[in-house]
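What follows is each chain in one-letter form.
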Amino acid sequence: MQLGMVGLGKMGNYMTQRLIAGGHKVVGFDRSSEAVRDVVAHGATGAGSLADMVSKLTETPKVAWVMVPSGAPTDETIHELAAAMGPGGIIIDGGNTNYKDGMRLYGDCKAKGVSLIDAGTSGGVWGLKEGYCLMVGGDAGQVSRCEPIFLTLAPPNGYAHVGPAGAGHFSKMVHNGIEYGLLQAYGEGFEILKDSQYDYDLGQIAELWTHASVVRSWLLELLVLAFREDPGLKEIRGYVDDTGEGRWTVEAAIDENVPAPVITLSLLARMASRQDESFSAKVVAALRNQFGGHAVKSETNA
């Protein structure tokens, strides 16, 4: 198939390369001309604008995959694409869009005669080699029409049409919420090991646990690689950002009256990681000093 790829960061770039290797024709566009040149070097056709990209899509229906940050960038890109493609076009949103925004955009596109498919995409920078897990939502007919793209990007059994519009983004949102909890558990466990009375080789423990342990996982394999590159993780600051999916998962849990303490606390732990000094901890320390005379550490003797 022929398709346009909008957004040629690491994910969009690697997806383009995998699609080309699978025999598809890709027209790539990114605001960075350097990113466009890079995919052209791998066999894509470059475009200088969204309109230029759409004009170079000669197969019908015209299909474009959007891989840009969620929020305003995705909104603006999809609306501009829908106007340029016209009735019959198909847009696939593979970014981490909030499923509520995705359903709104689905309605906006439908009003213009354009189909919007939401494709929750997992795999990160390893997707080029290993493939991408794809959770796809949208109208069955349009999803089926684009299935050759999904089958090329995904490994065997790594793609599924999971439901109507919004279902792909919702399942990816929960997927990432679960990821928050898994990462936090590994982080806490290895800190307990590090601060124990035993002089553990943390890389050795991580490697050991990848063999027949009940906590073995791909994430643990990646931790093995991280310890090999930086055994004490001395080059990494303990600042953990979030891109929204964990927050949205917690909001959905609240809306559904589903208790989700692990995911919720893992999100709050990420927020705590961004504080050089916790004011709330200062309040707690001050109160303990006031009611119990507990010693406090000053900024000068910390």
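Residues numbered from 1 in each chain as written. Predicted model: local features only at pLDDT ≥ 70, side-chain atom pairs only at ≥ 80, totals over all residues. Heavy atoms only, no water.

Our next topic: the overall build of the chain. On a plain count of helices and strands, the chain comes out with 14 helices and eight strands. Counting only C-alpha atoms and orienting by the principal axes, one finds that the chain spans roughly 75 × 40 × 35 Å. Out of the 302 residues belonging to the chain, those deemed buried represent 41%. By sequence separation, contacts in the chain at least 24 residues apart represent 64% of the contacts at least 6 residues apart. In the chain, 25 positive and 35 negative side-chain charges are present, and the distance between their average locations comes to 2 Å. (Helix = DSSP H or I, 4+ residues; strand = E, 2+ residues; numbered from the N terminus. Buried < 20%, exposed > 50% of the residue type's maximum accessible area, 1.4 Å probe, protein only. Contact = heavy atoms within 4.5 Å. Lys, Arg positive; Asp, Glu negative; His and termini not counted. Charge placed at Lys NZ, Arg CZ, Asp CG, Glu CD.)

Turning our attention to the sheet that holds strand E8 (residues 159-163). With respect to topology, eight strands assemble into an open sheet ordered E3-E2-E1-E4-E5-E6-E7-E8, the strand pairing being mixed. Of all the strands in the sheet, just strand E3 (45-46) and E8 have a single pairing partner and so form its edges. For strand E2 (residues 25-29) and E3, the ladder comprises two bridges, and the chain directions are parallel. Each residue of the ladder has a partner; that of glycine 28, found in E3, is glycine 46. Across the face of the sheet, helix H1 (residues 10-21) comes into contact with strand E1 (2-6), E2, strand E4 (63-66) and strand E6 (115-122) while running at roughly 165° to E1. (Pairing = 2+ DSSP bridges. Axes fitted to C-alpha atoms, helices over the stretch in contact; angles between N-to-C directions.)

So, on to the side chain of serine 266. Its location among the elements puts serine 266 in helix H13 (residues 261-272). Every residue in contact with serine 266, bar those within four places of it in the chain, is listed here: Tyr180, Gly181 and Gln184.

The next point concerns the nonpolar core. Core analysis: the biggest nonpolar cluster contains 27 residues, and Trp65, Ile92, Leu134, Ile149 and Phe150 have the highest contact counts within it. The set of elements that each furnish at least two residues to this core consists of E1, H1, helix H2 (33-41), E4, strand E5 (90-93), E6, strand E7 (133-137) and helix H8 (147-153). Leave out the neighbours within four places in its chain, and isoleucine 92 touches Val63, Ala64, Trp65, Val66, Ile117, Ala119, Cys146, Ile149 and Phe150. (Core = buried A, V, L, I, M, F, W, Y, C linked by side-chain atoms within 4.5 Å.)

On to the packing of aromatic side chains, then. Tallying each qualifying case throughout the model produces seven aromatic pairs. Pairing tryptophan 126 with tryptophan 218 gives two aromatic rings, centres 6.3 Å apart and planes at 85°, and the pair type is edge-to-face. Pair noted here: tryptophan 126 is in the loop between E6 and helix H6 (127-130) and tryptophan 218 is in helix H11 (residues 218-229), with a separation of 92 residues, a long-range link. Overall, the relative accessible area of 41% leaves tryptophan 218 in the partly exposed class. A cation over a ring is seen here: arginine 270 above tyrosine 180, with NZ or CZ 3.5 Å from the ring centre. (Phe/Tyr/Trp six-rings, centres within 6.5 Å; stacked < 30°, edge-to-face > 60°. Lys NZ or Arg CZ within 6 Å of the ring centre and 35° of its normal.)

Turning to helix H12 (residues 245-255), its buried residues are Glu245, Gly246, Trp248, Thr249, Val250, Ala252 and Ala253. A positive phi of about 60° marks asparagine 257, the residue just after H12.

Further remarks concern the pattern of salt bridges. Under the defined criterion, the tally for this structure stands at 10 salt bridges. The salt bridge involving lysine 56 is made with aspartate 52; its shortest N-O contact spans 3.4 Å. With relative accessibility at 31%, the residue lysine 56 sits in the partly exposed group. Between arginine 228 and glutamate 207 there is a salt bridge, with its nearest N and O atoms 3.5 Å apart. One end of the pair, arginine 228, is in helix H11; the other, glutamate 207, is in helix H10 (residues 202-209), with 21 residues separating them in the sequence. Note on glutamate 207: relative accessible area 29%, which makes it partly exposed. Salt bridges sharing partners connect three or more residues here, namely Asp75, Asp101, Arg104 and Asp108. (Salt bridge = Lys/Arg side-chain N within 4 Å of Asp/Glu carboxyl O.)

Look at H10 against H11: their axes get within 9 Å of each other, and the N-to-C directions meet at 155°. By the angle between their directions, the pair H10 and H11 is classed as roughly antiparallel. Helix-helix and strand crossings are classified by hand; for H10 and H11 the assignment is left-handed. Of the residues in H11, those touching H10 at Leu202, Gly203, Ala206, Glu207 and Trp209 are Leu220, Val224, Phe227 and Arg228. (Parallel < 35°, antiparallel > 145°, perpendicular 65-115°, else oblique. Left-handed = near helix turned anticlockwise from the far one by under 90°.)

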